[in-house]
Amino acid sequence: MPVPLLSVVIPVYNEEDLIDTLVARCLAALAAVTPDFELICVDDGSRDRTLARLLALRAAEPRLKVLCLSRNFGHQAAYTAGLHAAQGQFVAMMDGDLQDPPELLPRMWELLRYDTCDVVYGQRTDRAEGWGRQLLIKSFHGIFRNFSRLREADNVGNFSMLNRRALTAFLSLQEKNRYLPGLRSFIGFRQVSLPYAREARPDGTLPKMSYQRLFALALDALFSFSDLPIKICLYTGLLGIIVFMLAGMYVVISKLRGVAMLGWSSLGLSLYFLGSIQLLFLGIMGEYVFRIYRENQNRPLYFVQHYHQD
Ligand code: UDP
Ligand code: MG
């Protein structure tokens, strides 16, 4: 089987409303790059008519390939599945909700084609999303920027294009807790950013990443790319020790001066406070143990139901 020049990987989950537009816009954008491409849509266990639509579109356009996963594994796993299937010398990752404009693909390609860089990633200058979602996403990026030491991962999502060299490195990272923008920055090589405004989802379509899932992704990012959780425990513990040493000295000095300290309620409160802090920190430790356990189980990230190609 000849190797295509460019593979574009798009995870989709319950996107029946926009899948036709998505494929049409991608094909139009790719026409400006090369006829020698494959468009791999990874159906992440959709429960609506997404798969049927994709197969219908595929009947007219054989370069559109459809990788069906055996159930919903989440979009980071779906991307990974698509990247494993991709054959191209260059591989792009793009969300399937048209928030990442396919029209940018030719510009990414222009930057990569002369081998002056290995990775081009879209950096969001602006995003059209509900203010609540924006606020949460911005706070996450603020924290991540300060604690991860991964400069290239600031305000960056999955939208990117890599050459084979970078992709091979990227896929060799086999951890199960996957935050792909962080992993992509971690591999190094020559990375170039392409600023763009993130569009709103087309009218009437809802994000498929619930707040709960976004939060889980943010935790994955922080736990696997920073030592923030463990630092929080450490510094709070240190602060607690200093505060209680000062308070202890105050009590002793007062006693020496003949003033006995009263106050069982303050004693009760500080016990309660310390108890809950300890429980919280046990929870953080537990999270690390759980993550180590999950890595050790070494379960595959996804299973493929069927790959519609050729
Ligand atoms: N997606 C997926 N599996 C999921 C959730 C989402 O493949 O379990 C896809 C979804 O169809 C979309 C992309 O991942 O193409 C990004 O999802 P979404 O727009 O909901 O996330 P956000 O833009 O908020 O990161
Ligand atoms: Mg989206």
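Residues numbered from 1 in each chain as written. Chains lettered and ligands numbered in written order. Predicted model: local features only at pLDDT ≥ 70, side-chain atom pairs only at ≥ 80, totals over all residues. Heavy atoms only, no water.

On to the overall build of the chain. Looking only at helices and strands, the chain has 10 helices and 8 strands in total. Its C-alpha atoms give the chain a radius of gyration of 25 Å, clearly above 19 Å, the size a compact globule of 310 residues would have. Principal-axis analysis of the C-alpha atoms places the extent of the chain at approximately 90 × 40 × 40 Å. Per-residue burial over the chain gives 46% buried out of 310 residues. Carbon and sulfur atoms make up 63% of the accessible area of the chain, which totals about 16400 Å². Between the mean site of the 33 positive side-chain charges and the mean site of the 29 negative ones, the chain shows a separation of 8 Å. (Helix = DSSP H or I, 4+ residues; strand = E, 2+ residues; numbered from the N terminus. Rg over C-alpha atoms; globule rule 2.2 N^0.38 Å. Buried < 20%, exposed > 50% of the residue type's maximum accessible area, 1.4 Å probe, protein only. Areas by Shrake-Rupley, 256 points an atom, 1.4 Å probe, with all protein chains shown as cover. Lys, Arg positive; Asp, Glu negative; His and termini not counted. Charge placed at Lys NZ, Arg CZ, Asp CG, Glu CD.)

This part takes up the coordination of the magnesium ion (ligand 2). Within the protein, Asp 97 (OD) and Gln 99 (OE1) serve as the donor atoms for the magnesium ion (ligand 2), at 1.8 to 1.9 Å. For the pair shown, Asp 97 and Gln 99 are each scored as buried. (Donors = N, O, S within 2.8 Å, 3.2 Å for Na, K, Ca; no water.)

Before going further, it helps to spend a moment on the sheet that holds strand β3 (residues 64-69). The strand order across the open sheet built from 8 strands is β7-β5-β6-β4-β1-β2-β3-β8, with neighbouring strands paired in mixed fashion. A single partner strand is all that each edge strand has here, and the edge strands are β7 (191-198) and β8 (304-308). Ignoring strand direction, the axes of neighbouring strands in this sheet form an average angle of 20 degrees. In this sheet, strand β6 (residues 156-163) lies alongside strand β5 (residues 119-127) in antiparallel orientation, the contact comprising 4 bridges. Paired with Gln 123 across the bridge in β6 is Val 156. Helix α6 (residues 164-172) rests against β4 (90-93), β5 and β6 of the sheet, and its axis sits at about 125 degrees to β6. (Pairing = 2+ DSSP bridges. Axes fitted to C-alpha atoms, helices over the stretch in contact; angles between N-to-C directions. Contact = heavy atoms within 4.5 Å.)

Moving on: α6. The complete set of buried residues in α6 reads Ala 166, Leu 167, Phe 170 and Leu 171. Each buried residue of α6 sits inside an arc of 130 degrees when the element is viewed along its axis, so together they form one side. For α6, the secondary structure elements touched by its buried residues are α3 (75-85), β4, β5, β6 and α7 (180-186). (Arc of directions from axis to C-beta.)

What surrounds ligand 1 is a group of 19 residues, the closest being Glu 15, Asp 44, Asp 97, Lys 208 and Arg 213. A distance of 2.8 Å is found between an oxygen atom of ligand 1 and a side-chain nitrogen or oxygen belonging to Arg 198. Coverage of ligand 1 by the protein amounts to 96% of the 530 Å² it exposes when considered alone. When grouped by side-chain class, the residues that make up the shell around ligand 1 number 5 nonpolar, 5 polar and 9 charged. (Near = heavy atom within 4 Å. Polar contact = N/O pair within 3.5 Å; in protein donor to acceptor, adjacent residues only side chain to side chain. Nonpolar A, V, L, I, M, F, W, Y, C, P; charged D, E, K, R; others polar.)

Attention now goes to the packing of aromatic side chains. If you walk through the whole model with that rule in mind, you get 6 aromatic pairs. With 5.1 Å between their ring centres and 85 degrees between their planes, Phe 90 and Trp 109 make a pair best called edge-to-face. In this pair, Phe 90 sits in strand β4 while Trp 109 sits in helix α4 (residues 105-113), placing the two residues 19 residues apart along the sequence. Exposure class is identical for Phe 90 and Trp 109. Each is buried. Clustering of aromatic rings is evident, with ring pairs tying together Phe 140, Tyr 179 and Phe 225. A cation over a ring is seen here: Arg 71 above Phe 73, with NZ or CZ 4.0 Å from the ring centre. In this structure, Arg 133 packs its charged tip against the face of Tyr 211, placed 5.5 Å from the ring centre. (Phe/Tyr/Trp six-rings, centres within 6.5 Å; stacked < 30°, edge-to-face > 60°. Lys NZ or Arg CZ within 6 Å of the ring centre and 35° of its normal.)

Functional significance is not addressed by these values, which are geometric in nature.
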